[in-house]
Amino acid sequence: KAGVTQTPRYLIKTRGQQVTLSCSPISGHRSVSWYQQTPGQGLQFLFEYFSETQRNKGNFPGRFSGRQFSNSRSEMNVSTLELGDSALYLCASSLAESVNYGYTFGSGTRLTVV
Amino acid sequence: GEDVEQSLFLSVREGDSSVINCTYTDSSSTYLYWYKQEPGAGLQLLTYIFSNMDMKQDQRLTVLLNKKDKHLSLRIADTQTGDSAIYFCAENRLGDYKLSFGAGTTVTVRA
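Keep in mind that this is a model prediction, so the values were computed, not measured.

Asks: Just checking my understanding: could you explain the interface of chain B and chain A for this structure?
Replies: Many descriptions give the size of an interface as the accessible area lost when the pieces come together. Contact with chain B, which involves 18 residues of that partner, is made by 20 residues of chain A. For the pairing of chain B and chain A, the buried interface totals around 1600 Å² over both sides, and the portion due to carbon and sulfur atoms is 59%. Joining chain B to chain A, the criterion identifies zero salt bridges. Where chain B packs against chain A, one counts four residue pairs in polar contact (both at pLDDT 80 or more). If you list the elements that add at least two residues to the side of chain B that touches chain A, you get strand S4 (29–37), strand S5 (43–50) and strand S9 (85–93) of chain B. Per element, the largest residue contribution to the side of chain B that touches chain A is five residues, and it comes from S4(B). Split by residue class, the side of chain B that touches chain A holds 11 nonpolar, five polar and two charged.

And the structure:
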């Protein structure tokens, strides 16, 4: 059974550019969530989607957005990149509709903003 | 408090037991998790415990939950060098659809 797949694994972008990250959940998983990991702030929740609906959003500026497609694949977009957006972005998928007792994470996308 | 709290570092001798502690925030939390992260990798789910349980054992891992004190611990028996990693405690609050993580405990296993 394939795990959570995130592409690309590594990205280098310039300040002011925008970036799109992709996440394919485990087959059958309908919940996809995104997290940002930095040395200073640790793991911070970005947003969660279930059946194409955003159910929760973290405390990030509007430059961070996401969406989920009908096949449960998800993308997140960061516009007008800042140096502080450099981070490991992790995607997690889950089977359950309500209580999520098993979040499976992908290997992440390492974004470097220069 | 607002944050899930963990001690930052733990050094343990190979073959000994490791105990990692965590204090979580919300008594309505439904599930509590332990994740492991190795260098350059994502998060690996080690185990989880439902909030109405006191203990869960899974091979070398034992999770203890004290709901009154909102305290969670992970014991790793017979710690091996492959257990060197960062361990994160996380809680899933009722209706939140997200995980709230601690800062992570870096476990170093010495020979």
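Once you've had a look at it, read on.
Asks: Please explain the packing of aromatic side chains as it appears in this structure.
Replies: Aromatic ring pairs: the centre-centre distance and the angle between the two ring planes describe each pair. Tallying each qualifying case throughout the model produces 15 aromatic pairs over all chains. Summarising the aromatic geometry, the rings of A:Phe105 and B:Tyr35 are spaced 5.2 Å apart at their centres and angled 85 degrees between planes, so their arrangement reads as edge-to-face. Remark: B:Tyr35 occurs in strand S4 and A:Phe105 occurs in strand S10 (residues 104–105); the pair is interchain, linking two chains. Summarising the burial analysis for this pair, A:Phe105 and B:Tyr35 share the class buried.

Asks: Is there a simple way to explain the state of the cysteines in this structure?
Replies: Put plainly, two cysteines are in a disulfide when a covalent bond ties their sulfur atoms together. Tallying each qualifying case throughout the model produces two disulfides over all chains. Between A:Cys23 and A:Cys91 runs a disulfide, and the two sulfur atoms are separated by 1.8 Å. Residues A:Cys23 and A:Cys91 are joined by a disulfide whose S-S torsion is about -60 degrees; by sign, that bridge is left-handed. Taken together, the positions of A:Cys23 in strand S3 (residues 19–24) and A:Cys91 in strand S9 (residues 87–94) put the pair 68 residues apart, joining distant regions of the chain. Grouping residues by exposure puts A:Cys23 and A:Cys91 together as buried. Residue pairing for B:Cys22: its cysteine sulfur links by disulfide to B:Cys89, the two sulfurs lying 1.9 Å apart. Given an S-S torsion of about -55 degrees, the disulfide between B:Cys22 and B:Cys89 has left-handed geometry. Placement of B:Cys22 in strand S3 (residues 18–23) and of B:Cys89 in strand S9 is noted, with a sequence separation of 67 residues between them. For the pair shown, B:Cys22 and B:Cys89 are each scored as buried.

What counts, and where the lines are drawn
Residues numbered from 1 in each chain as written. Chains lettered and ligands numbered in written order. Predicted model: local features only at pLDDT ≥ 70, side-chain atom pairs only at ≥ 80, totals over all residues. Heavy atoms only, no water. Contact = heavy atoms within 4.5 Å. Buried area = accessible area lost by both parts, 1.4 Å probe. Salt bridge = Lys/Arg side-chain N within 4 Å of Asp/Glu carboxyl O. Polar contact = N/O pair within 3.5 Å; in protein donor to acceptor, adjacent residues only side chain to side chain. Helix = DSSP H or I, 4+ residues; strand = E, 2+ residues; numbered from the N terminus. Nonpolar A, V, L, I, M, F, W, Y, C, P; charged D, E, K, R; others polar. Phe/Tyr/Trp six-rings, centres within 6.5 Å; stacked < 30°, edge-to-face > 60°. Buried < 20%, exposed > 50% of the residue type's maximum accessible area, 1.4 Å probe, protein only. Disulfide = S-S within 2.5 Å.

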